[in-house]
Amino acid sequence: MTEDRSSVVVVGAGIAGVACAVELTRAGVPVQIRERGHVCGGRMASKRFQGRPADIGAAYFTATDPDFAALVEQWRAAGLVREWTDTFQAYDRSGNHEVPGPMRFAAPRGLRSLVEHLAGSVPVTVDRLVLTVEPGPVVDGQSCAAVALAMPGPQAALLLDPALTDATRVVQAQRWSPSLAAVLRFPTRRWPDFRGAFVNEHPVLNLVCDDGDRRGDGAPVLVAHTVPEFAAGHLAQPTGAGPAIEQAVRDLLGLPEQAVDVHVHRWTYAKPTSDAGGATHHLDADGIGLAGDAFGKPRVQSAWRSGRDLGRALAARLA
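Analysis parameters
Residue numbers restart at each chain and count upward from 1, following the sequence in its written direction. Per-residue local features are limited, in this predicted model, to residues with pLDDT of at least 70; the limit for side-chain atom pairs, both in listing and counting, is 80 or more; totals at the level of whole chains, interfaces and linings are taken over all residues. To get the side-chain values, take all heavy atoms of the structure and skip hydrogens and water. Orientation is described by lines fitted to C-alpha atoms, with helices fitted over the stretch in contact, and by angles between N-to-C directions that extend from 0 to 180 degrees. Helical segments are the DSSP runs of H or I of at least four residues, strand segments are the runs of E of at least two, and each set is numbered from the N terminus. Note on convention: the crossing is left-handed when the near helix lies turned anticlockwise from the far helix by less than a right angle, right-handed when the turn is clockwise. In what follows, residue pairs with any heavy atoms lying within 4.5 Å of each other are defined as contacts. Polar here means any residue other than Ala, Val, Leu, Ile, Met, Phe, Trp, Tyr, Cys and Pro, which are nonpolar, and Asp, Glu, Lys and Arg, which are charged; Gly is therefore polar. Here, any two strands with at least 2 DSSP bridges between them count as paired. Think of a salt bridge as a Lys or Arg side-chain nitrogen and an Asp or Glu carboxyl oxygen that are within 4 Å of each other. When a residue's accessible area, from a 1.4 Å probe over protein chains only, is under 20% of the maximum for its type it is buried; when over 50% it is exposed; and in between it is partly exposed.

- Taking an unreviewed UniProt entry as the reference, the protein is identified by name as Amine oxidase domain-containing protein belonging to Micromonospora noduli.

### Describing the packing of helix 1 (residues 15-26) against helix 9 (residues 300-318)
Part 1: Across the interface, helix 1 lies against helix 9 with an axial gap of 7 Å and an inter-helix angle of 35°. Read as a crossing pair, helix 1 and helix 9 show a hand that is right-handed. On the side of helix 1, the interface is formed by Ile 15, Ala 16, Ala 19, Cys 20, Glu 23 and Leu 24, while helix 9 contributes Val 300, Ala 303, Trp 304, Gly 307, Arg 308, Leu 310, Gly 311, Arg 312, Leu 314 and Ala 315.
Part 2: Of the residues assigned to the contact of helix 1 with helix 9, the class counts are 11 nonpolar, two polar and three charged.

### Quick word on the sheet that holds strand 10 (residues 142-143)
Part 1: With antiparallel pairing, three strands are arranged side by side in an open sheet as 8-9-10. Since the sheet does not close on itself, it has two edges, and those belong to strand 8 (133-134) and strand 10, each with one partner.
Part 2: As paired strands, strand 9 (residues 138-139) and strand 10 are joined by two bridges and run antiparallel to one another. Bridge pairing in strand 10 places Val 139 opposite Gln 142.

### A few points about the pattern of salt bridges
Part 1: For the coordinates displayed, the defined rule picks out 20 salt bridges.
Part 2: Between Arg 312 and Glu 23 there is a salt bridge whose closest N-O contact spans 3.3 Å. Of this pair, Arg 312 sits in helix 9 while Glu 23 is found in helix 1, placing the two residues 289 residues apart along the sequence.
Part 3: Of the residues examined, Arg 312 reaches a relative accessible area of 44% and is grouped as partly exposed.

Next comes the structure, spelled out in structure tokens:
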């Protein structure tokens, strides 16, 4: 097997992995990204339905970090992002009310398009499943300068050799909750103007977004995200949860029409729930790095910052 001991291998082409690779590339460090899926993006996932994208992972993002805000401005200049809303509805047992908050950004072409734009000329190999990471470090038998695992901890734990005690300890300490995301396409728009809604104290729903409003094309499409408890009971067969999610959305918004199509996507590791103790990433003495939104609040911005910081730390060590 061909070896490149000077190259850093980044496993996972979500925004954390791509941000890590971008920093390494800027520092002149050779890098390879290996992604097990067909496309990059990770949980900034978009899927097309009759040619139109819908976001099935992260619903939106905010930008409070100055460096991340500068990146958002680059995306805006490229026509890839738009300001969506700073006000959501909140539904609970007593009714609904408006909840002001920070400006939430959306992507007309889907959030995945932002990760693809950030990747630029960084080499990404998709459909490349990594099986083992061993001391050295060695990735699937190939020696490398370092490796960055940009994925949920439970997935990283499956790759790590038990001898990598520091990295293994960190990923085993992470806790994650599941969710289902359902894309519901309706014949017409028959719901009130709400943009997005937090749903509280509900047995099925956690968040519902007007994807036509979010994307700016007015399409009659809603995307619903479920609570972890409901998702946990349907991880083995997520499509079977479609009717219950659709009925919950129709009841919530008072919709008379059935959806013409319901697609359910399973996220076994949707959101980190453990505390990283203030660290933005992990890098051990063996050259094994970890990045993602588990190092901070579960936000797109946190994932990007984690990958960037790990990339800088690796570049400094390899300089």
